[in-house]
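Structural overview for review
Here are the chains, one letter per residue:
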Amino acid sequence: QVQLAESGGDLVQPGGSLRLSCAASGAIPSIYIMGWYRQAPGKQRELVATRHSRGITNYADYVKGRFTISRDNAKNTVYLQMNNLKPEDTAVYYCNLDPVFGPVSWGQGTQVTVSS
């Protein structure tokens, strides 16, 4: 089983930046996809970005050019650098780990609020 712990959520003004972290621990497989998702009040959870263990990244159109997903292998941590934040980015951000074969693990979420 994999445990995930997100951190870095905060209140930020429009145009500001934040970096979210997701630390993975436990039985981490050699091949996996880690991703960031978000859920705003009254809305369904939606994809933000994913990163395959082999380096391939994928971004939702609404964050392309503003968000970057990266990984620190030594720390088993995935980051989401968020720049030029907009009020519509306000949501609870979750990370997950999809081992491809096996159950998907989710973190508990971290709140990002973009407001002046």
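What this report covers is the structure whose coordinates are included nearby. (Residues numbered from 1 in each chain as written. Predicted model: local features only at pLDDT ≥ 70, side-chain atom pairs only at ≥ 80, totals over all residues. Heavy atoms only, no water.)

**What to know about the pattern of salt bridges**
If you walk through the whole model with that rule in mind, you get four salt bridges. Notably, a salt bridge pairs Asp61 with Lys64, separated by 3.2 Å at the nearest N-O pair. A salt bridge links Asp89 to Arg66; the nearest nitrogen and oxygen atoms lie 2.8 Å apart. Highlighted residues: Asp89 in the loop between strand S8 (77-82) and strand S9 (91-98) and Arg66 in the loop between strand S6 (57-59) and strand S7 (67-72), separated in sequence by 23 residues. (Salt bridge = Lys/Arg side-chain N within 4 Å of Asp/Glu carboxyl O. Helix = DSSP H or I, 4+ residues; strand = E, 2+ residues; numbered from the N terminus.)

**Thoughts on the packing of aromatic side chains**
Inspection of every chain in the model, using the stated rule, returns one aromatic pair. Summarising the aromatic geometry, the rings of Tyr37 and Trp106 are spaced 5.2 Å apart at their centres and angled 65° between planes, so their arrangement reads as edge-to-face. Taken together, the positions of Tyr37 in strand S4 (residues 33-39) and Trp106 in strand S10 (residues 105-106) put the pair 69 residues apart, joining distant regions of the chain. Over the ring of Tyr94 we find Arg45; its NZ or CZ atom is 3.8 Å from the centre of that ring. Positioned above the aromatic ring of Trp106, the side-chain terminus of Arg45 is 4.6 Å from the ring centre. (Phe/Tyr/Trp six-rings, centres within 6.5 Å; stacked < 30°, edge-to-face > 60°. Lys NZ or Arg CZ within 6 Å of the ring centre and 35° of its normal.)

**What about the sheet that holds S7?**
The four strands lie next to each other as S1-S3-S8-S7, forming an open sheet whose pairing is antiparallel. The sheet terminates laterally at strand S1 (2-7) and S7, the two strands that pair on one side only. Taking the axes of each pair of neighbouring strands and ignoring which way they run, one obtains an average angle of 20° across the sheet. One ladder, built from six bridges, connects S7 with S8; its direction is antiparallel. Across the sheet, Ile69 pairs through a bridge with Leu80, a residue of S8. (Pairing = 2+ DSSP bridges. Axes fitted to C-alpha atoms, helices over the stretch in contact; angles between N-to-C directions.)

**As for unusual backbone geometry**
In this model, Asn76 sits at a positive phi of 50°, which is unusual for a non-glycine residue. Within the fold, Asn76 resides in the loop between S7 and S8. Asn76 gets classed as partly exposed once you look at its relative accessible area, which sits at 36%. (Buried < 20%, exposed > 50% of the residue type's maximum accessible area, 1.4 Å probe, protein only.)

**Some details on the state of the cysteines**
Taken as a whole and assessed by the stated rule, the structure comprises one disulfide. A disulfide bridge connects Cys22 with Cys95, and the sulfur atoms are separated by 1.9 Å. Its S-S torsion of approximately 40° makes the covalent link between Cys22 and Cys95 right-handed. Of the two residues, Cys22 sits in strand S3 (residues 18-26) while Cys95 sits in strand S9, which places them 73 residues apart along the sequence. Per residue, the accessibility class of Cys22 equals that of Cys95, and both read buried. (Disulfide = S-S within 2.5 Å.)

**Some points on the pairing of S9**
Every regular strand shows the same layout, with side chains that alternate between the two sheet faces. With respect to burial, S9 is a largely interior element, six of its eight residues being buried. Sheet analysis places S4 next to S9, joined by seven bridges and oriented antiparallel. Paired with Met34 across the bridge in S9 is Leu97. For S9 and S10, the ladder comprises two bridges, and the chain directions are antiparallel. Paired with Leu97 across the bridge in S10 is Ser105. Counting the residues between successive antiparallel strands, the hairpin from S9 to S10 contains six residues, one of them, Val100, with a positive phi of roughly 75°.

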